[in-house]
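Examining the three-dimensional arrangement
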Amino acid sequence: MTAPALTSAFDPRVRVREALRELIAEDPQGWYKPSYFVLRNRLLDRTGSDARPYAELLLEAARRGWRERLPRTMLEPPRWHATVAPFQLHWSAERFLQPEMARWALESWAYALKVIDASQLTIAPPPREPMAAVAARLNAGAARVATSTAPSVGFAPSAGPPAQARADSRLVPTRREPKDWGVCGWR
């Protein structure tokens, strides 16, 4: 199951996973000190507060002992799947967590700790092209669509609004004065 590059480039799960990997790479021995809550805050500093549910999910996986179950060396795909499947199934059943989200958290830890490589990521794989390239491609596509549809819909950027677009004065509501103020005595 591979997501398209366009989707994964904007996926917050990709940002959180990459931030976790960077934090661990910066300090391989003390990245989790003084606590996991500090790690969560460091992740949020890099990814933004909208990523908090993902950071909390990573912390929960660590508290459940996932990090201790991982070996210190790279795992080949069959061994990786045999390692992750029981933990993922138990966690998602016990916590009523979507299996895809449990898998993402487990893969993120394994990727950050260099137990698996990018080719083994199945949930929110990293983008195949840099973000700047994706943005340039999207902007070019939008400009192409705007110029190709402009003549067909009669779009003239320098012209004012067409005469037919003016409001008819009969349709504009007017304030009506009451004929009699009744009991309040105002006349």
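Attention in this report is confined to the structure presented alongside it. This structure is a prediction, so every number in the text was calculated from the model and none was measured.

Attention shifts here to the overall build of the protein. Check the secondary structure of the protein and you find eight helices and zero strands. Restricting to contacts in the protein with at least 6 residues of sequence separation, those with at least 24 account for 63%.

In the structure shown here, the tally under the stated rule is six aromatic pairs. With centroids separated by 6.0 Å and ring planes inclined at 70°, the aromatic side chains of Trp66 and Trp80 adopt a geometry described as edge-to-face. Remark: Trp80 occurs in helix H6 (residues 77-95) and Trp66 occurs in helix H5 (residues 66-69); sequence separation between them is 14 residues. For the pair formed by Trp66 and Trp80, the shared burial category is buried. The structure contains a cluster of three or more aromatic residues connected by ring pairs, namely Trp66, Trp80, Phe87 and Trp91. The ring of Tyr111 carries the charged tip of Arg17 above its face, separated from the ring centre by 5.9 Å.

By size, the foremost hydrophobic cluster in this structure holds 40 residues, and its most contacted members are Leu20, Leu58, Trp66, Trp80, Trp91, Trp104 and Trp109. Broken down by element, the residue count for this core peaks at nine residues, all from helix H7 (residues 99-112). If we ignore the near neighbours within four places in the chain, the residues touching Trp80 are Trp66, Leu70, Leu75, Arg103, Leu106, Glu107, Ala110, Ile116 and Gln120.

For the rest of this paragraph, the subject is the environment of Arg64. Topologically, Arg64 is positioned in the loop between helix H4 (52-63) and H5. Among the residues examined, Arg64 registers a relative accessible area of 30% and is labelled partly exposed. Here the alpha-carbon distance between Arg64 and Phe87, two residues 23 residues apart in the chain, equals 9.5 Å. Excluding residues within four positions of it along the chain, Arg64 makes contact with Phe87, Trp91, Glu94 and Arg95. Within the local environment of Arg64, its side chain forms a polar contact with the side chain of Glu94, the two groups lying 2.7 Å apart.

Attention now moves to the pattern of salt bridges. A pair can form between side chains of opposite charge whenever their charged atoms are brought close. Inspection of the entire model under this criterion finds twelve salt bridges. Notably, a salt bridge pairs Glu26 with Arg46, separated by 2.6 Å at the nearest N-O pair. Note that Glu26 is positioned in helix H2 (residues 12-26) and Arg46 in helix H3 (residues 36-47), a separation of 20 residues in sequence. Judged by relative accessible area, which is 53%, Glu26 ranks as exposed. For Arg46, a relative accessible area of 37% puts it in the partly exposed group.

Turning next to unusual backbone geometry. With omega at 0°, the peptide bond leading from Lys33 into Pro34 counts as cis. By the element assignment, Pro34 lies in the loop between H2 and H3. Even without being glycine, Phe96 reaches a positive phi, approximately 55°. With respect to the helices, strands and loops of the structure, Phe96 is situated in the loop between H6 and H7.

Relative to the elements of secondary structure, Gln88 occurs in helix H6. What makes Gln88 buried here is its relative accessible area of 11%. Within polar-contact distance, the side chain of Gln88 engages the side chain of Arg103 at 3.5 Å. Apart from residues no more than four positions distant in its own chain, Gln88 is found in contact with Pro99, Ala102, Arg103 and Leu106.

Turning our attention to H7. Here H7 is 14 residues long and its end C-alpha atoms lie 20 Å apart, about the 20 Å a rise of 1.5 Å per residue gives. Across the 14 residues of H7, twelve count as buried, placing the element largely inside the fold. Among the residues making up H7, those that are buried are Met101, Ala102, Arg103, Trp104, Ala105, Leu106, Glu107, Ser108, Trp109, Ala110, Tyr111 and Ala112. Along its buried surface, H7 packs onto H2, H3, H4, H5 and H6. Positive phi appears at Lys114, one or two residues downstream of H7, with a value of about 60°.

Each value, and the rule that gives it
Residues numbered from 1 in each chain as written. Predicted model: local features only at pLDDT ≥ 70, side-chain atom pairs only at ≥ 80, totals over all residues. Heavy atoms only, no water. Helix = DSSP H or I, 4+ residues; strand = E, 2+ residues; numbered from the N terminus. Contact = heavy atoms within 4.5 Å. Phe/Tyr/Trp six-rings, centres within 6.5 Å; stacked < 30°, edge-to-face > 60°. Buried < 20%, exposed > 50% of the residue type's maximum accessible area, 1.4 Å probe, protein only. Lys NZ or Arg CZ within 6 Å of the ring centre and 35° of its normal. Core = buried A, V, L, I, M, F, W, Y, C linked by side-chain atoms within 4.5 Å. Polar contact = N/O pair within 3.5 Å; in protein donor to acceptor, adjacent residues only side chain to side chain. Salt bridge = Lys/Arg side-chain N within 4 Å of Asp/Glu carboxyl O. Expected span 1.5 Å × (residues − 1).

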